[in-house]
Amino acid sequence: MSNRLMSPTRAERGPTAVIDGMAELINCTSDAAGLGGDVSIGVASPGPLNPRTGTVLCTPNLPGWRHIPLVDHLQERTRRTVYLANDGNCGALGEVRFGSAKGVQDLIYLALGTGVGGGIVSGGVLINGVRGLGAEVGHVGVSMNGPRCTCGSVGCLEAFVGGWAIQCEAEAVATTADGKLMRDLAKDGPIHAGIVARAADAGDSAATLILDRAGHALGAAMGAFINIFNPRMIVIGGGVAAIGEHLVGPARQVLPMYCFVDMRAVLTIAYSSLGNDTGLFGAAALALAAIER
Ligand SMILES: [Zn+2]
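My aim in this report is to walk through the structure given alongside it, one point at a time. Sequence order as written defines residue numbering, which begins from 1 separately in each chain. Owing to the predicted nature of the model, reporting of local features is limited to residues with pLDDT of at least 70; listing and counting of side-chain atom pairs is limited to 80 or more, with chain, interface and lining totals taken over all residues. Note that water and hydrogens are dropped before the side-chain values are worked out from all heavy atoms of the structure.

### A word on the coordination of the zinc ion
Part 1: Note on donors: an N, O or S atom is included if it sits within 2.8 Å of the metal, or within 3.2 Å for Na, K and Ca, and water is never included, so sites can look incomplete. Within the protein, the atoms that donate to the zinc ion are His139 (ND1), Cys149 (SG), Cys151 (SG) and Cys156 (SG), at distances of 2.0 to 2.4 Å.
Part 2: Coordination at the zinc ion is tetrahedral: its four donor atoms span angles of 105 to 122° at the metal.
Part 3: In the primary sequence, the donor residues of the zinc ion line up as H-x9-C-x1-C-x4-C. One end of the pair, histidine 139, is in the loop between β8 (125-126) and α4 (158-161); the other, cysteine 149, is in the loop between β8 and α4, and 10 residues separate them in sequence.
Part 4: Think of it in three bands: with a 1.4 Å probe and only protein chains considered, a residue is buried below 20% of the maximum accessible area for its type, exposed above 50%, and partly exposed in between. The exposure class of histidine 139 is partly exposed, given its relative accessible area of 27%. Any coordination sphere not matching a tetrahedral pattern (four donors, all angles between 85 and 135 degrees) or a square planar or octahedral pattern (four or six donors, opposite donors over 155 degrees apart, other angles between 65 and 115) is reported as irregular. Put simply, DSSP marks the helices as runs of H or I at least four residues long and the strands as runs of E at least two long, and each gets a number from the N terminus on.

As structure tokens, this is what we get:
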């Protein structure tokens, strides 16, 4: 992509400084591209947030972000119309406009990263509910007796398949003899999902079991989404999706246990083709969709 500028968030400086930095990037990129004042801006932000008021409610990884009217601040600093959505919903819009699900009207997008987010497009419409807080697909319960999630609930999809959950499981296994290869690969560092994937690539049975369990949870959640939304596609993105078939293979395998066969028959499961740029393309798709309305 041309005219790309990046700068570190440096969240420790607090919301005002971060927003100043965002506005500077927008203004520099717009000037470099010679964009007119009528070009709108899309912003993909961690949530939860209210897209209708343009307010970020809280973002666990950005200190001090509580009820920040991000759209107002950015419009003031850039003199452009700004649209805001959570990064999962933007990802879904990006996949439909530019990615693996181009032109698809019924999509479940799952962003598997440290946390699990995503978005749902049904009949061509992004589903985000009364306060615009949906769809928190990572916090759908897949087990009554499952592990506690960072959101406070029990047995969420994220508590099985989020990067933090896979790491937690791997570090517990690594205290036993079965975890030797993962321990060796981590070289005293954290046994993150990438290490587990490398061990599984090497045929390590403990690592394979960890990813089987996470994949099974993923399959159960996908089954629930399929039964509710009867989607044409499920697109899987995010850093943890790079694990690939060690994770998604078990999900496909268990799917028949969790959803109706007629719904499965019309479904394609695909990986995101936008990689780390899903949020970027999604923000662009958000602004384009708003303009077209
Ligand atoms: Zn949760």
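### Re the side chain of glutamate 95
Part 1: As for its placement among the helices and strands, glutamate 95 is situated in helix α3 (residues 87-98).
Part 2: Despite its burial, glutamate 95 pairs with no opposite charge; the closest candidate is lysine 102, at 10 Å N-O.
Part 3: Residue contacts are defined here by distance: any two heavy atoms, one from each residue, within 4.5 Å place the two residues in contact. Residues within four places of glutamate 95 in sequence aside, it is in contact with Ser100, Ala101, Lys102, Leu107, Tyr109, Val235, Ser272, Ser273, Leu274 and Thr278. Think of it this way: Lys and Arg go in the positive column, Asp and Glu in the negative one, and His and the chain ends go nowhere. A carboxyl oxygen of Asp or Glu within 4 Å of a side-chain nitrogen of Lys or Arg is what we treat as a salt bridge.

### A word on the sheet that holds strand β9 (residues 233-237)
Part 1: Paired strands are those between which DSSP finds at least two bridges. Taking strand neighbours across the sheet as the criterion, the five strands line up as β8-β7-β6-β9-β10 in an open arrangement whose pairing is mixed. Two strands lie at the open edges of the sheet, namely β8 and β10 (268-271), each paired on one side alone.
Part 2: Direction of pairing for strand β6 (residues 107-112) relative to β9: parallel, over a ladder of five bridges. For isoleucine 108, the partnering residue across the bridge sits in β9 and is isoleucine 234.
Part 3: Under this scheme, a helix contributes an axis fitted over its contacting stretch, all axes are lines through C-alpha atoms, and angles between N-to-C directions fall in the 0 to 180 degree range. Along the sheet, helix α8 (residues 205-229) contacts β6, β7 (116-122), β9 and β10; its crossing angle with β6, the most-contacted strand, is approximately 155°.
Part 4: On the sheet, helix α9 (residues 245-254) packs against β6, β9 and β10 and is oriented at approximately 170° with respect to β10.

### Section: the nonpolar core
Part 1: Grouping buried Ala, Val, Leu, Ile, Met, Phe, Trp, Tyr and Cys residues that are joined through side-chain atoms within 4.5 Å yields what is termed a nonpolar core. Judged by nonpolar contacts, the single largest core of 47 residues is most densely connected at Met182 and Leu218.
Part 2: The dominant element in this core, judged by the number of residues it contributes, is α8, at 11 residues.
Part 3: In contact with methionine 182, other than residues within four places in its own chain, are Ala170, Val173, Ile191, Ile195, Val196, Ala199, Asp204, Ala206, Ala207 and Ile210.
Part 4: One finds Val18, Ala23, Ile26 and Val43 within the second-largest nonpolar core, a separate group that totals 17 residues.

### Points about the pairing of strand β5 (residues 82-86)
Part 1: For β5, the tally of buried residues reaches four of five residues, placing the bulk of the element in the interior.
Part 2: As paired strands, strand β1 (residues 41-45) and β5 are joined by five bridges and run parallel to one another. Bridging from a neighbouring strand, isoleucine 41 pairs with valine 82 of β5.

### A closer look at the side chain of serine 272
Part 1: Position of serine 272 among the secondary structure elements: in the loop between β10 and α11 (278-292).
Part 2: Given the relative accessible area of 17%, serine 272 is considered buried.
Part 3: Pairs of N or O atoms are called polar contacts if they sit within 3.5 Å, as long as, within protein, a hydrogen donor faces a hydrogen acceptor (for residues adjacent in sequence, only side-chain-to-side-chain pairs). There is a polar contact of 3.1 Å between the side chain of serine 272 and the backbone nitrogen of leucine 274.
Part 4: In this structure, serine 272 is in contact with Glu95, Ser100, Val235, Ile236, Gly237 and Thr278, ignoring residues within four places of it in sequence.

### Some details on the packing of aromatic side chains
Part 1: Pairs were defined over the aromatic rings of Phe, Tyr and Trp, the Trp ring being its six-membered one, requiring ring centres within 6.5 Å. Orientation was assigned from the angle between planes: stacked under 30 degrees, edge-to-face over 60, tilted for the rest. All told, the structure shown has one aromatic pair when counted by the stated rule.
Part 2: Measuring from centroid to centroid gives 5.2 Å for phenylalanine 98 and phenylalanine 281, while their planes differ by 55°, and the two rings are tilted. Of the two residues, phenylalanine 98 sits in helix α3 while phenylalanine 281 sits in helix α11, which places them 183 residues apart along the sequence.
Part 3: Phenylalanine 98 sits in the partly exposed class, given a relative accessible area of 30%.
Part 4: For phenylalanine 281, a relative accessible area of 23% translates into the label partly exposed.

### A look at the sheet that holds strand β2 (residues 49-50)
Part 1: Pairing in this open sheet of three strands is antiparallel, and the strands run β2-β3-β4 from one edge to the other. One side of each edge strand has no neighbouring strand; the edge strands of this open sheet are β2 and β4 (66-68).
Part 2: As paired elements, β2 and strand β3 (residues 55-58) share two bridges and run antiparallel to each other. Paired with leucine 49 across the two strands is valine 56, which belongs to β3.

### Some details on the environment of phenylalanine 229
Part 1: Within the secondary structure layout, phenylalanine 229 lies in helix α8.
Part 2: Along the sequence, phenylalanine 229 and leucine 93 sit 136 residues apart, while their C-alpha atoms lie 16 Å from each other.
Part 3: Discounting residues that sit within four places of it in the chain, phenylalanine 229 has contacts with Ile108, Ile120, Ser122 and Ile127.

### Considering a nonpolar patch on the surface
Part 1: A patch consists of residues exposed above 30% relative accessible area that lack any salt bridge, with like charges linked at up to 9 Å and nonpolar side chains (Val, Leu, Ile, Met, Phe, Trp, Tyr) linked at up to 5 Å. Only the protein chains shown count as covering a residue, and every accessible area follows the Shrake-Rupley method with a 1.4 Å probe. On the surface, a cluster of nonpolar side chains totalling about 240 Å² of accessible area is made up of Phe98, Leu288 and Ile291.
Part 2: Turning to its location among the elements, leucine 288 is positioned in helix α11.

### As for the pattern of salt bridges
Part 1: Applying the stated criterion across every chain, the model contains six salt bridges.
Part 2: Of the charged contacts in the structure, one is a salt bridge between aspartate 277 and arginine 4, with a shortest N-O distance of 2.9 Å. In this pair, aspartate 277 sits in the loop between β10 and α11 while arginine 4 sits in the segment before α1 (15-33), placing the two residues 273 residues apart along the sequence.
Part 3: For arginine 4, a relative accessible area of 37% corresponds to the partly exposed category.
Part 4: With a shortest N-O distance of 2.7 Å, arginine 97 and glutamate 292 are connected by a salt bridge. Taken together, the positions of arginine 97 in helix α3 and glutamate 292 in helix α11 put the pair 195 residues apart, joining distant regions of the chain.

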